[in-house]
Amino acid sequence: MEQTTGLLDKIRHHDKLLIALNENCAIPLPDDVMRILRSPHRLSYYYFQYLEKGNATFKTDLKEFTINDGELVFGLPNQVFTKLPYDINMRQYALSFDEETLRLLPSTYPFLLNPFNVNTISFDPATQQRVKNLLSGLFQLLHSPGKQRKAEVILAHLHAVLTEFNTAYFEQYQRHEPVTDPKLAKYIAFKLAAETQLTEQHDVQSIADRLALTSSTLYAIVKEYAGVSPKEWITNRLMLEAQRKLQYSNTSVKELAYELGFNDPRYFSRLFKKSTGKSISHYLAELKDLSHN
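As the structure is a prediction and not an experimental result, all values here were calculated from the model. (Residues numbered from 1 in each chain as written. Predicted model: local features only at pLDDT ≥ 70, side-chain atom pairs only at ≥ 80, totals over all residues. Heavy atoms only, no water.)

1. Topic: the sheet that holds strand E2 (residues 19-23)
Spatially, five strands are ordered E2-E9-E4-E7-E10 in an open sheet, and the strand pairing comes out antiparallel. Edge positions in the sheet fall to E2 and strand E10 (120-122), since each has one partner strand and no second. Strand-to-strand twist across the sheet, computed as the mean angle between neighbouring axes with direction ignored, equals 15°. Direction of pairing for strand E7 (residues 71-75) relative to E10: antiparallel, over a ladder of three bridges. Within the sheet, the bridge partner assigned to Glu71 lies in E10 and is Ser122. Sheet strands in contact with helix H4 (residues 125-143) are E2, strand E4 (46-53) and strand E9 (91-97), and its direction is about 115° off that of E2. (Pairing = 2+ DSSP bridges. Helix = DSSP H or I, 4+ residues; strand = E, 2+ residues; numbered from the N terminus. Axes fitted to C-alpha atoms, helices over the stretch in contact; angles between N-to-C directions. Contact = heavy atoms within 4.5 Å.)

The following block contains the structure:
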């Protein structure tokens, strides 16, 4: 698996902000960057691809899916991302920016915590046109000849783009409750807390305390939005990370268990089998078979 640390700095399109936006692959990418993007790579930045015309297949967190005309795919930091295949001839916009650029924006965008565990967004025809116009305008700002636009102007346009994405995300996946629902806010906070300390502690009670919730209230909220208990959510997230590492690295089972915060590799192995339905050796054997197809 390829790492992308430092990659965005190689392709940035603004001298003050770590941001890149390509329109129909008009800006050629260096060969070493293309080599990474054509392979499974762990994102170190936020990535969005809006497909104006055509269809494209992606793999994110071991799940494969396809988007079509007027749809968006996005990848978040630490996700393993692959485009299958990498076709540079489609009408598309590819937007990337880092965490520091995100912090400079005037709002928060809850969809970036991905509470519904999806990586695609669909837009109605009117929104498709607005999104295209916003991305086209931002591209022109970033690549206009002469003096580069001030960072505040770029950030204002980026804010508009992300607001469209955020609104469409919740309209598509959360149709019956407003975005300001306090329970959703707590679920997002739970996801953030769990992600932040994923390999450090697996204690649900400490997260509940941190969120000023009782364990039963936290259980009810996570169960409502994720369909599983908080403990199961954390376990599933850890097992996803285990599968990522098994697929894209040569880490031993013992080392992997310790990396993920387990003191007992045997317990980790039993939990992996219970969660995935496969022993680690069986999982690795299947990966080896796939690599030879």
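Still to come is the rest of the account.
2. Observations concerning the pairing of E2
Every regular strand shows the same layout, with side chains that alternate between the two sheet faces. With five of five residues buried, E2 lies mostly within the body of the structure. Residue alternation in E2 divides its side chains into two sets, Ile19, Leu21 and Glu23 and Ala20 and Asn22, and both sets are buried. Direction of pairing for E2 relative to E9: antiparallel, over a ladder of five bridges. Its bridge partner lying in E9, Leu21 is registered against Leu95. (Buried < 20%, exposed > 50% of the residue type's maximum accessible area, 1.4 Å probe, protein only.)

3. With respect to H4
Taking 1.5 Å as the rise per residue, H4 with 19 residues should run 27 Å; its terminal C-alpha atoms sit 27 Å apart, in good agreement. On its buried side, H4 packs onto E2, E4, E9 and helix H5 (151-173). Where H4 begins, one side-chain oxygen reaches toward the backbone nitrogen of Ala126, 3.1 Å away; that side chain belongs to Asp124. (Expected span 1.5 Å × (residues − 1). Polar contact = N/O pair within 3.5 Å; in protein donor to acceptor, adjacent residues only side chain to side chain.)

4. Observations regarding the pattern of salt bridges
Scanning the entire structure with this criterion turns up 14 salt bridges. In this structure, Glu241 engages Arg244 in a salt bridge whose closest nitrogen and oxygen atoms are separated by 2.7 Å. Taken as a pair, Glu241 and Arg244 lie in helix H9 (residues 230-248) at a separation of three residues, close to a single helical turn. For the pair Glu241 and Arg244, a shared accessibility class is recorded, and that class is buried. Glu259 is paired through a salt bridge with Lys245; the nearest N and O atoms lie 3.4 Å apart. You can see Glu259 sitting in helix H10 (residues 253-259) and its partner Lys245 sitting in helix H9, a full 14 residues away along the chain. Three or more residues are tied together by salt bridges with common partners; here these are Arg42, Glu195, Arg237, Glu241 and Arg244. (Salt bridge = Lys/Arg side-chain N within 4 Å of Asp/Glu carboxyl O.)

5. Brief notes about the environment of Thr199
Its location among the elements puts Thr199 in the loop between helix H6 (182-196) and helix H7 (204-210). On the basis of relative accessibility, which here comes to 35%, the residue Thr199 falls in the partly exposed class. For the pair Thr199 and Leu238, spaced 39 residues apart in sequence, the C-alpha separation works out to 7.9 Å. Leaving out residues up to four positions away in the same chain, Thr199 has contacts with Glu259, Leu260 and Gly261.

6. Section: the nonpolar core
Generally speaking, nonpolar side chains in soluble globular proteins are found buried as a group. Counting 70 residues, the largest nonpolar core has Phe48, Phe111, Leu162 and Phe165 as the members making the most contacts within it. For this core, the leading source of residues is H5, giving ten residues. In contact with Phe48, not counting residues within four places along its chain, are Leu72, Val73, Phe74, Tyr93, Ala94, Leu95, Phe97, Phe111, Leu112, Leu162 and Phe165. The next biggest cluster of nonpolar side chains, apart from the first, holds 20 residues, and it includes Leu18, Leu43, Leu51 and Met90. (Core = buried A, V, L, I, M, F, W, Y, C linked by side-chain atoms within 4.5 Å.)

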